[in-house]
Amino acid sequence: MQWDEEKAFSKLPWTDEFRSEFPTRQALSYLVDKDFEKLQDFLFAEKLVDFRKAQLISHVLKNEIGIVKNDNEVILTINLPIGEFKCVNCKRCFYRQDKQAETRAYLNALYKEIEQLRDIIKRNCYFVKALCYSGNLLALTESDIQELLSMCEFPLSEINVEVDNPLFITKEKLAILKKFGVERLICNIMSFNTVTLRKLCRHYEFKDIYPAFKWIAEFGFEVSFGLVIGFETEQELQIKRNINLAAELGASSIELYSRFCPYETEINSLTLPCDIALQRKNLTFAYDEMSRLGFIPYFLYCTEVESGCFENVGYALSNRKNKYLEDKRMGISTELACGCDVKTLVKKHFTNQQVEVTSDFDMMEYVKNIDSILNKKREKLLQYTV
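What counts and how
- Residues numbered from 1 in each chain as written.
- Predicted model: local features only at pLDDT ≥ 70, side-chain atom pairs only at ≥ 80, totals over all residues.
- Heavy atoms only, no water.
- Helix = DSSP H or I, 4+ residues; strand = E, 2+ residues; numbered from the N terminus.
- Rg over C-alpha atoms; globule rule 2.2 N^0.38 Å.
- Buried < 20%, exposed > 50% of the residue type's maximum accessible area, 1.4 Å probe, protein only.
- Contact = heavy atoms within 4.5 Å.
- Lys, Arg positive; Asp, Glu negative; His and termini not counted.
- Charge placed at Lys NZ, Arg CZ, Asp CG, Glu CD.
- Salt bridge = Lys/Arg side-chain N within 4 Å of Asp/Glu carboxyl O.
- Core = buried A, V, L, I, M, F, W, Y, C linked by side-chain atoms within 4.5 Å.
- Arc of directions from axis to C-beta.
- Phe/Tyr/Trp six-rings, centres within 6.5 Å; stacked < 30°, edge-to-face > 60°.
- Pairing = 2+ DSSP bridges.

Colleague: Any chance you could break down the overall build of the protein for me, citing the residues and the numbers?
Modeller: In terms of helices and strands, the protein carries 14 helices and 13 strands. In terms of overall dimensions, the protein is globule-like: its C-alpha atoms have a radius of gyration of 21 Å, near the 21 Å expected for 386 residues. Principal-axis analysis of the C-alpha atoms places the extent of the protein at approximately 60 × 50 × 40 Å. For the protein, the proportion of its 386 residues judged to be buried stands at 55%. Taking all contacts inside the protein whose residues are at least 6 apart in sequence as the whole, residues at least 24 apart take part in 75%. The positive charge centre, built from 51 side chains, and the negative charge centre, built from 57, are 2 Å apart in the protein.

Below, the structure is given as structure tokens:
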């Protein structure tokens, strides 16, 4: 008997009713007395949802309903699109680290925007729940890292630093992060497979980055790993290796993205039934492996909904979820963002309103237009000031 016949991966595991970006929203209406085990059984037995997907919905929904939506809570993103090489699969703006003049001009513009943002946060009485330095903060000099961290000190906020290239990690830079209260490193490794990394134009191997993670453990940082399930030709053996290496390196949370990194904007959906079935198999295998290691799902959203409907899931060890990623992936709070290639999105849950401000994609266009960006933000983001 073939695996696809045995597991019926050709069938839609969510069923049509739950085929959406956020399946938990459909399931919420069936939750009675917060009995999540009963909901899980109901989805499986009565709604014919695949048993693993029913478990997934139940776990994530339990986390979701415990989240309070407060219009005064915000998350903050500071984008540092600086790197040695650009990942060939990524649509984000990236500038080479050695372009010092461009980097300096960008940082000067960014400092102006952060100063304005601090004023907006103060005048709108916002509470910064979590913030993230996306891109490659660690590609900057130690003095620039200190300058940026000192500008964004907000009481009680979870501070995250994204790591796209672990080769930028040094003990001296980690000591600076620790000094300014950084709690977590978000490592968008995508894969530990050397062949895959080369295809992504990432010029390192596991043996090259292992010492950096020993330093991270010594400093006591929480670590999140972003991995892609079903990327290139990776299947069960490599998926298991990726997940287990992340766990061995001290991951407190692991985010599994289906086929594409979370920054992918142009997705070509799978169309062949055999490819769709194989990806469903990969996701099922990944779920089982995460469960075996004791990780619990805390956020869920689906992509390629009209074709395969594949889930992207955040998993965490008990009480160690990433608040920033949870909020961002589930669209819970207002996100204030600084830099190029970002979007500020103000959410008013009480009045069901949204205000959006998008920055220039290109770094140099952002620098050129920084004054108009500041004027636009001042006009749109201060409209709620009392």
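Structure's up, so let's keep going.
Colleague: How would you sum up the pattern of salt bridges? Please name residues and give values.
Modeller: In total, this model carries 20 salt bridges according to the counting rule given. As a salt-bridge pair, K171 and E218 come within 3.8 Å of each other at their nearest N and O atoms. You can see K171 sitting in helix α7 (residues 171-179) and its partner E218 sitting in helix α9 (residues 206-219), a full 47 residues away along the chain. Among the residues examined, K171 registers a relative accessible area of 37% and is labelled partly exposed. Notably, a salt bridge pairs K207 with D208, separated by 3.3 Å at the nearest N-O pair. Accessibility expressed as a relative area gives 58% for K207, which makes it exposed.

Colleague: So what about the nonpolar core? Which residues, and what values?
Modeller: Y133 and L177 are the most contacted members of the largest nonpolar core, which totals 102 residues. Per-element tally for this core: the top contributor is helix α5 (residues 100-123), with nine residues. For Y133, the residues in contact, after removing those within four places along its chain, are I78, L80, L148, L149, C152, I159, N160, V161 and E162. Core analysis: the next-biggest nonpolar cluster, separate from the first, contains 15 residues, F22, I186, Y298 and F299 among them.

Colleague: Break down α7 for me, citing the residues and quoting the values.
Modeller: Turning to α7, its buried residues number three or more, namely K173, L174, I176 and L177. Burial along α7 is one-sided: seen end-on, the buried residues are contained in an arc of 155°. The inward-facing, buried residues of α7 abut α6 (142-151), β5 (158-163), β6 (184-190) and α9. Following α7 by one or two positions, G181 adopts a phi angle in the positive range, close to 80°.

Colleague: Which residues make up the packing of aromatic side chains, and what are the values?
Modeller: One pass over the structure, following the stated rule, counts 11 aromatic pairs. With a centroid separation of 5.2 Å and 80° between ring planes, the pair formed by Y298 and F299 is classed as edge-to-face. There is no split in this pair, since Y298 and F299 are both buried. Centre to centre, the rings of F299 and Y301 are 6.3 Å apart; their planes meet at 20°, and the pair counts as stacked.

Colleague: How would you sum up the side chain of N244? Please name residues and give values.
Modeller: Relative to the elements of secondary structure, N244 occurs in helix α10 (residues 236-248). The residues touching N244, leaving out its near neighbours within four places in the chain, are E289, R292 and L293.

Colleague: Pulling in residues and values, what's your account of unusual backbone geometry?
Modeller: Despite not being glycine, C125 shows a phi value in the positive range, around 55°. Along the chain, C125 falls in the loop between α5 and β4 (127-135). When its relative accessible area of 58% is taken as the criterion, C125 is described as exposed. Despite not being glycine, R259 shows a phi value in the positive range, around 70°. Of note, R259 is situated in the loop between β8 (253-258) and α11 (273-292).

Colleague: Tell me about the pairing of strand β10 (residues 310-316), and please be specific about residues and values.
Modeller: Burial of β10 is extensive: seven of the seven residues sit out of reach of the surface. Across four bridges, the pairing between β8 and β10 is antiparallel. The residue of β10 that forms the bridge with I254 is Y315. Across seven bridges, strand β9 (residues 296-303) lies against β10 in antiparallel orientation. When the sheet's bridge partners are listed, P297 is paired in β10 with Y315.

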